[in-house]
Amino acid sequence: AQTVTQSQPEMSVQEAETVTLSCTYDTSESDYYLFWYKQPPSRQMILVIRQEAYKQQNATENRFSVNFQKAAKSFSLKISDSQLGDAAMYFCAYRSSYNTDKLIFGTGTRLQVFP
Amino acid sequence: AAGVIQSPRHLIKEKRETATLKCYPIPRHDTVYWYQQGPGQDPQFLISFYEKMQSDKGSIPDRFSAQQFSDYHSELNMSSLELGDSALYFCASSSWTVMDSFFGQGTRLTVV
């Protein structure tokens, strides 16, 4: 069975600085997808970024980028130029290569952003 | 753009009562998922449907049942409610042609 581990329950960053959230996973599959979801105080689950395992290039979405290390089964999220609105719970999630398969979430990292 | 719609947004029930949560997926999405998120926890997969058939099942109690209807909306039925069922229930939808799952805003169920 696949597992997702987020070892940082809480992180903090100052506005305009950069922060990296860690995620490791375990799987025997060779093809899969990894995601970062943001859950602000409204509790809405918002997709931040997606990485396909078959792609060597790290995904980037504006201020958000990932460092995907397939061999190490590591998938970290870097937030650059942090903004107050980035404060939220961040969940790392794994999904098999089947687009209709379920998501397996990590336990989350709460990010605080200080002005 | 249309999003996943869940109703109701909030629900308060007493122990041993029954609750029905509804989910309307994004148009042309054929797969619906239900997740349960307890306080301070990550979302846990309950059950999913693809083309109106159950496609996967997670840690869903026997007291819960769900189905997907011909218009692709889904309902999660919860009976004999317990205090521990108090949680945020998310519905998400996707399709074979879409790599991402899109979440609804959730239904907050409180059992008193």
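These notes cover the structure that comes with them.

Conventions we followed
Residue positions within a chain follow its written sequence, with the count starting from 1. Lettering for chains starts from A, numbering for ligands starts from 1, and both go in the order in which the items are written. A pLDDT threshold of at least 70 governs which residues receive local features in this predicted model, and a stricter bar of 80 or more applies before side-chain atom pairs are shown or counted, although totals over entire chains, interfaces and linings include all residues. To get the side-chain values, take all heavy atoms of the structure and skip hydrogens and water. Between two residues, a contact is recorded if the distance between any of their heavy atoms is within 4.5 Å. Two parts lose some accessible area (1.4 Å probe) when they are put together, and adding that loss for both gives the buried area. Salt bridges, as used here, are contacts in which a Lys or Arg side-chain nitrogen is within 4 Å of a carboxyl oxygen on Asp or Glu. Any pair of nitrogen or oxygen atoms within 3.5 Å is treated as a polar contact; in protein, a donor-acceptor pairing is required on top of that, and neighbouring residues in sequence qualify only through side-chain atoms on both sides. Secondary structure follows DSSP: runs of H or I at least 4 residues long count as helices, runs of E at least 2 residues long count as strands, and numbering of each begins at the N terminus. Residues are grouped as follows: Ala, Val, Leu, Ile, Met, Phe, Trp, Tyr, Cys and Pro are nonpolar; Asp, Glu, Lys and Arg are charged; every other residue, Gly included, is polar. In plain terms, two cysteine sulfur atoms within 2.5 Å form what is called a disulfide here. Two strands pair if DSSP finds at least two bridges between them. When two rings of Phe, Tyr or Trp (its six-membered ring) have centres within 6.5 Å they constitute a pair, described as stacked for plane angles under 30 degrees, edge-to-face for angles over 60, and tilted for the intermediate range. For the exposure calls, accessible area comes from a 1.4 Å probe over protein chains only, and a residue counts as buried if that area is under 20% of its type's maximum, exposed if over 50%, partly exposed in between.

Attention shifts here to the interface of chain B and chain A. Taken together, the contact pairs 25 residues of chain B with 21 residues of chain A. Broken down residue by residue, the surface that chain B buries against chain A is led by B:Trp96, B:Met99 and B:Phe103, which jointly contribute 30%. The interface formed by chain B and chain A includes two salt bridges. Close ionic contact of B:Asp56 with A:Lys102 constitutes a salt bridge, the shortest N to O distance being 2.9 Å. The interface formed by chain B and chain A holds eight residue pairs in polar contact (both at pLDDT 80 or more) in total. When residues of the side of chain B that touches chain A are traced back to their parent elements, those giving at least two are strand 4 (31–37), strand 5 (44–50) and strand 9 (87–94) of chain B. When residues of the side of chain B that touches chain A are assigned to their parent elements, the largest contribution, four residues, is made by strand 4 of chain B. By residue class, the composition of the side of chain B that touches chain A is eleven nonpolar, nine polar and five charged.

Right, let's talk about the state of the cysteines for a bit. All names here are of chain A. Summed over all chains, the structure comprises two disulfides over all chains. Each sulfur of the disulfide joining Cys23 and Cys92 lies 2.0 Å from the other. Taking the sign of the S-S torsion, about -70 degrees here, the bridge from Cys23 to Cys92 comes out left-handed. Residue Cys23 is located in the loop between strand 3 (19–21) and strand 4 (24–26), and its partner Cys92 is located in strand 10 (residues 88–96); the two are separated by 69 residues in the primary sequence.

Moving on, we come to the pairing of strand 9 (residues 74–79) of chain A. Residues and elements named next belong to chain A. Where strand 3 lies against strand 9, three bridges are found, and the strand directions are antiparallel. The residue bridging Leu21 from the neighbouring strand is Leu77, located in strand 9. Judged from the six bridges that link them, strand 8 (residues 64–69) and strand 9 form a sheet pairing that is antiparallel. Its bridge partner lying in strand 9, Ser65 is registered against Lys78.

Following the criterion strictly, the structure yields 17 aromatic pairs over all chains and no others. Between the aromatic rings of A:Trp36 and A:Phe75, the centroid separation amounts to 6.1 Å while the plane-to-plane angle is 25 degrees, which identifies the pairing as stacked. With A:Trp36 in strand 5 (residues 32–39) and A:Phe75 in strand 9, this pair connects stretches of sequence that are 39 residues apart. Taken as a pair, A:Trp36 and A:Phe75 share a single burial class, namely buried. Taken together, a centroid distance of 6.3 Å and an interplanar angle of 65 degrees make the contact between A:Phe105 and B:Phe103 edge-to-face. Taken together, the residues span two chains, with A:Phe105 in strand 11 (residues 104–105) and B:Phe103 in strand 10 (residues 102–103). A relative accessible area of 7% places A:Phe105 in the buried class. The exposure class assigned to B:Phe103 is buried, which follows from its relative accessible area of 7%.

This part covers the environment of B:Phe103. In this structure, the C-alpha to C-alpha distance between B:Phe103 and B:Ser93, residues ten residues apart in sequence, is 6.7 Å. Dropping the residues within four chain positions of it, B:Phe103 is found in contact with A:Tyr37, A:Gln44, A:Met45, A:Leu103, A:Phe105, B:Val4, B:Tyr35, B:Phe90, B:Cys91 and B:Ala92.

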